[in-house]
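# A structural walkthrough
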Amino acid sequence: MCASNCDRCTGTEQTMTFSEVIGQEEVRERLMQMVSETRLPHALMLCGPSGVGKKALAIAFGCHLLSLNNASGLEEESAMLKKLEHPDLHFTYPTIKLPSMGSDHIPVSDDFARDWHELLMHGPYFSMDEWLTAMGAENQQAIITAGESDELVRKLSLKSSQGGYKVSIVWLPERMNIACANKLLKLIEEPPQQTVFIMVCEEPDKLLETIRSRVQRIDVKRLPVETIEQALTERRGIDPQQAHRLARLANGSWMKALQELQVGTENEQFLNLFIELMRLAYQRKVRELRKWSDTMAAFGREKQKRFFDFFLRLVRENFIFNFQQPDLCYMTQKEEDFARNFARFINEDNVIQLYELANLCIRDIGQNANAKIVFFDFALKVAASLKR
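Every value quoted in this text rests on a predicted model; they were computed, and no experiment measured them.

Moving on to the overall build of the chain. Counting its regular elements, the chain contains 18 helices and five strands. Taking 388 residues into account, the globule formula puts the C-alpha radius of gyration at 21 Å, and the chain, at 23 Å, falls close to it. Once the C-alpha set of the chain is aligned to its principal axes, its extents read approximately 70 × 50 × 35 Å. Residues counted as buried form 52% of the 388 residues belonging to the chain. Counting only contacts in the chain whose residues sit at least 6 apart along the sequence, the fraction spanning at least 24 positions is 75%. When the accessible area of the chain is evaluated, it comes to approximately 19000 Å², of which 48% is carbon and sulfur surface. Between the averaged position of the 48 positive side-chain charges in the chain and that of its 53 negative side-chain charges there is a distance of 5 Å.

Structure representation (structure tokens):
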């Protein structure tokens, strides 16, 4: 349960308009100017870190384009847009293969349309892990398959229901396999009439260069602390002092700010695991470190990578804590309480080593290395890096 009445917990459905986007006025104005000046490209790519509002911007802009088709203001058309069930609005997103699917079946977005719609109607700010949970994934990595591009070709070949725009929103195109990427490239090179592709990308370097060169890239920056702080107080009713701390911790991500509001969040779990690791590593308790490694190995790979991101952040914050400059530290109260006694063990002698170690593990996990071996080796090396 959330500590406040957030929309995801109360089940409040939201209309996907620009009013749902936190900040990002500059990007919004740029998008609207493209339309007003009739120089809208057929393929856009919104790039930036997770949680800054790329997906929210893409959906709001897509709905705006489709609303231009509804010149007569038909209520039915408006209702479909509000529910994100418009026939000219198409979503593409990473999927998994469920055990119930046949051996010859290639998963596509339509297989999970209901799960996607239910999650989306509670707000456009959600993570890959939330999406994996909604799909019923266990220890799988979601991808966009070649079957997806075939479906897009079929859908976009149909005429617009209102004779105007057709909008294709592709969430995380960097997760396309090579077959899908090549087929999508051809579709972008020869787009159906009045079709606008809006890609929402976090790691553009993983996309084919030929795709990157054929889309207009718009960078969506991290949100200012002040913007997140204001949204927390006005939209979530958070106390100004708590809102300030949460906004600093969010590191420019509205999604991260929302996650910090929840009781028993993943970050709280990660903090307990971090503390356990450091205590066992300091005491050189190898058997217990193996048990800790087994616990970590049981998580899905996406969650494992997020733990290493959390580890990197706390290493940095504990290192900075030693300089006694509060304005430079970004920690929760619980993290700060632990840092008071622990921070001195993160110093010039090991901070770079710990950083390199965690980044190497992120790479190995991403390459499907054996998680038990990765985490146990990681734990032993952390133990070696800590000096009594």
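Now that the structure has been shown, the text picks up again.
Along its 12 residues, helix α10 (residues 225-236) runs 16 Å from first to last C-alpha, staying within 8% of the 16 Å computed at 1.5 Å per residue. Within α10, burial applies to I228, A231, L232 and R236. Buried residues of α10, viewed axially, fall in a sector of 100°; they line one side. Residues E226 and E234 are exposed on α10 and point more than 90 degrees away from its buried face. Downstream of α10 by one or two residues, G237 has phi in the positive range, about 65°.

Glancing now at helix α6 (residues 128-135). Along α6, the positions that sit buried rather than exposed are M128, W131, L132 and M135. Buried positions in α6, seen along its axis, are confined to an arc of 100° and lie on one side of it. Elements in contact with the buried residues of α6: α5 (113-120), β3 (166-171) and α15 (301-321). Of the residues trailing α6, G136 is marked for its positive phi of about 85°.

Where helix α13 (residues 266-283) meets helix α16 (residues 333-342), the closest approach of the two axes is 11 Å, and the angle between their N-to-C directions is 10°. Here α13 lies roughly parallel to α16, going by the angle between them. At the point where α13 passes α16, the crossing takes the left-handed sense. Between α13 and α16, the residues in contact are E268, L271, F274, I275, M278 and R279 and K334, E335, F338 and F342, respectively.

Here the focus is the pattern of salt bridges. Any two side chains of opposite charge can pair, so long as their charged atoms come close to each other. With the rule as written, the count across this model stands at 21 salt bridges. Across the salt bridge formed by R363 and D364, the nearest N and O atoms sit 2.9 Å from each other. By relative accessible area, R363 is classed as partly exposed at 45%. For D364, a relative accessible area of 18% puts it in the buried group.

Attention now goes to the nonpolar core. It is characteristic of soluble globular proteins that their nonpolar side chains tend to be buried jointly. Core analysis: the biggest nonpolar cluster contains 62 residues, and F61, W131, I169, W171, L232 and W254 have the highest contact counts within it. With near-sequence residues (within four places) excluded, W171 lies in contact with K55, T92, Y93, P94, W116, F126, S127, M128, W131, I144 and V200. Of all hydrophobic cores here, the second largest spans 46 residues; its members include L273, I320, F376 and L386.

To continue, consider the pairing of strand β2 (residues 89-92). Covered by surrounding structure in β2 are L89 and F91 together with H90 and T92, the residues of both alternating faces. Sheet topology places β2 next to β3; four bridges connect them, and they run parallel. Opposite T92, over in β3, you have V170 as the bridge partner.

Let's shift gears to the state of the cysteines. One pass over the structure, following the stated rule, counts zero disulfides. Cysteine C47 shares no disulfide, and the gap to the nearest cysteine sulfur, in C201, comes to 4.7 Å. A residue is classified by how much of its surface remains accessible, and C47, at 2% relative accessible area, is buried.

What follows concerns the packing of aromatic side chains. Using the criterion set out here, one finds 24 aromatic pairs in the structure. On the numbers, 6.5 Å between centres and 80° between planes, the contact of F112 with W131 is edge-to-face. Taken together, the residues span a long stretch of sequence, with F112 in the loop between β2 and α5 and W131 in helix α6 at a distance of 19 residues. Judged by its relative accessible area of 2%, F112 falls in the buried class. When its relative accessible area of 0% is taken as the criterion, W131 is described as buried. Between W116 and F126, the aromatic rings sit 5.5 Å apart at their centres with planes inclined by 80°, giving edge-to-face as the arrangement. Pair noted here: W116 is in helix α5 and F126 is in the loop between α5 and α6, with a separation of 10 residues, a long-range link. Judged by its relative accessible area of 4%, W116 falls in the buried class. The ring of F126 has K55 sitting right over it, with the charged end atom 3.8 Å from the ring centre. For the cation-ring pair, K303 lies above F299, with the distance from its terminal atom to the ring centre recorded as 4.3 Å.

Basis of the calculations
- Note on numbering: residues in each chain are counted from 1, in written sequence order.
- Local features in this predicted model are restricted to residues of pLDDT 70 or higher, and side-chain atom pairs are both shown and tallied only at a pLDDT of 80 or more, whereas totals for entire chains, interfaces and linings draw on every residue.
- To obtain the side-chain values, all non-hydrogen atoms of the structure were included, while hydrogens and water were left out.
- The secondary structure listing takes helices from DSSP runs of H or I that are at least 4 residues long and strands from runs of E that are at least 2 residues long, numbered from the N terminus.
- As defined in this context, the radius of gyration uses C-alpha atoms, and a globule is described by 2.2 Å times the residue total to the power 0.38.
- Only protein chains enter the accessibility calculation, which uses a 1.4 Å probe. A residue is then buried if its area is under 20% of the maximum for its type, exposed if over 50%, and partly exposed in between.
- Two residues qualify as a contact provided that any one of their heavy atoms is within 4.5 Å of a heavy atom in the partner residue.
- A 1.4 Å probe and the Shrake-Rupley method give the accessible areas. Residues count as covered only by the protein chains that appear here.
- The charge count treats Lys and Arg as positive and Asp and Glu as negative. His and the chain ends do not count.
- Each charge is placed at NZ for Lys, CZ for Arg, CG for Asp and CD for Glu.
- By this rule, a helix spans an expected 1.5 Å times one less than how many residues it contains.
- The arc in question is the one traced by the directions running from the helix axis out to the C-beta atoms.
- Angles here are taken between N-to-C directions and fall from 0 to 180 degrees, while the axes themselves are lines fitted to C-alpha atoms, restricted in helices to the stretch in contact.
- Convention used here: angles under 35 degrees read as roughly parallel, angles over 145 as roughly antiparallel, angles from 65 to 115 as roughly perpendicular, and any remaining angle as oblique.
- Definitions for this section: a left-handed crossing has its near helix turned counterclockwise from the far helix by less than a right angle. A right-handed crossing has that turn clockwise.
- One side-chain nitrogen of Lys or Arg within 4 Å of one carboxyl oxygen of Asp or Glu is enough to make a salt bridge.
- Only buried residues count toward a nonpolar core. Its members are Ala, Val, Leu, Ile, Met, Phe, Trp, Tyr and Cys residues joined through side-chain atoms within 4.5 Å.
- Strand pairing is defined by DSSP finding a minimum of two bridges between the two strands.
- For this text, the term disulfide refers to a pair of cysteine sulfurs within 2.5 Å.
- Stacked, tilted and edge-to-face are the three classes applied to pairs of Phe, Tyr and Trp rings, where Trp contributes its six-membered ring and a pair requires centres within 6.5 Å; stacked means planes under 30 degrees apart, edge-to-face means over 60, and tilted covers the rest.
- By definition, being over a ring means that NZ of Lys or CZ of Arg is both within 6 Å of the ring centre and within 35 degrees of the ring normal.

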